[in-house]
Structures are given as structure tokens and as C-alpha cells.
Amino acid sequence: MRWSYLIPRLIILGLIWAFFAFAFDPLIRYSAVQSLQAVTGARADVPVLQTGFFPPRVVIEDVALAS
């Protein structure tokens, strides 16, 4: 097996895994807060947002909107 073929693909696979493991939930949480603030015109807070792929799920808890 050629290492020059395998190593770049493993690095790309690792980067994709790291994105979904560490950056995906904060990115979705930020997008949810910005969307809620744009729609309502009030400050919004989403402290808990968890996603899962197997099985597919999105859990959003304790959403707070200012009056």
C-alpha cells in the first residue's frame, strides 16, 4: 500500500471527524441564536444544543428569549 495515497486521506478523514466532533454543535448553536434574534428582535440564549447522527437527532433545551 502506498503511504502517499493513504496518509492524505486519513488526514482529511480526521479533519472531517474533528469538525463534526468539536465544531458542529457550537456552529449550529450560534446559527440558532442568530436566527432567533433576527426573527424575534429580542436577545436569545440557547445553552443546550446537542446533535447526533446515529440515530439522527437534535436536542434543544432551555431556550430563553428576552421580553
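Note that the structure is a prediction, hence the values are computed from the model and not measured.

(A) Just the overall build of the protein chain, in detail. Looking only at helices and strands, the protein chain features one helix and four strands. The order of α-helices and β-strands along the protein chain, N terminus first, is α-β-β-β-β. Reported as C-alpha extents along the three principal axes, the dimensions of the protein chain are approximately 60 × 25 × 15 Å. Considering the protein chain as a whole, with its 67 residues, one finds that 12% of them fall into the buried category. Nonlocal contacts in the protein chain, meaning residues at least 24 apart in sequence, comprise 23% of its contacts between residues at least 6 apart. When the accessible area of the protein chain is evaluated, it comes to approximately 5,500 Å², of which 68% is carbon and sulfur surface. The centroid of the 5 positive side-chain charges in the protein chain is displaced by 19 Å from the centroid of its 4 negative side-chain charges.

(B) Up close: a nonpolar patch on the surface. Residues Ile 12, Ile 16, Phe 19, Phe 20, Leu 27, Phe 53 and Phe 54 make up a contiguous nonpolar surface patch of roughly 750 Å² in combined accessible area. When residues of the nonpolar patch are assigned to their parent elements, the largest contribution, five residues, is made by helix 1 (residues 3–40). With respect to the helices and strands, the residue Leu 27 is situated in helix 1.

(C) Local environment of the side chain of Thr 51. You can see Thr 51 is positioned in strand 2 (residues 48–53). Only 2.4 Å separates the side chain of Thr 51 from the side chain of Asp 25, close enough to count as a polar contact. In contact with Thr 51, not counting residues within four places along its chain, are Phe 24, Asp 25, Arg 57 and Val 58.

Parameters at a glance
Residues numbered from 1 in each chain as written. Predicted model: local features only at pLDDT ≥ 70, side-chain atom pairs only at ≥ 80, totals over all residues. Heavy atoms only, no water. Helix = DSSP H or I, 4+ residues; strand = E, 2+ residues; numbered from the N terminus. Buried < 20%, exposed > 50% of the residue type's maximum accessible area, 1.4 Å probe, protein only. Contact = heavy atoms within 4.5 Å. Areas by Shrake-Rupley, 256 points an atom, 1.4 Å probe, with all protein chains shown as cover. Lys, Arg positive; Asp, Glu negative; His and termini not counted. Charge placed at Lys NZ, Arg CZ, Asp CG, Glu CD. Patch = residues over 30% accessible without salt bridge, like charges linked within 9 Å, V, L, I, M, F, W, Y side chains within 5 Å. Salt bridge = Lys/Arg side-chain N within 4 Å of Asp/Glu carboxyl O. Polar contact = N/O pair within 3.5 Å; in protein donor to acceptor, adjacent residues only side chain to side chain.

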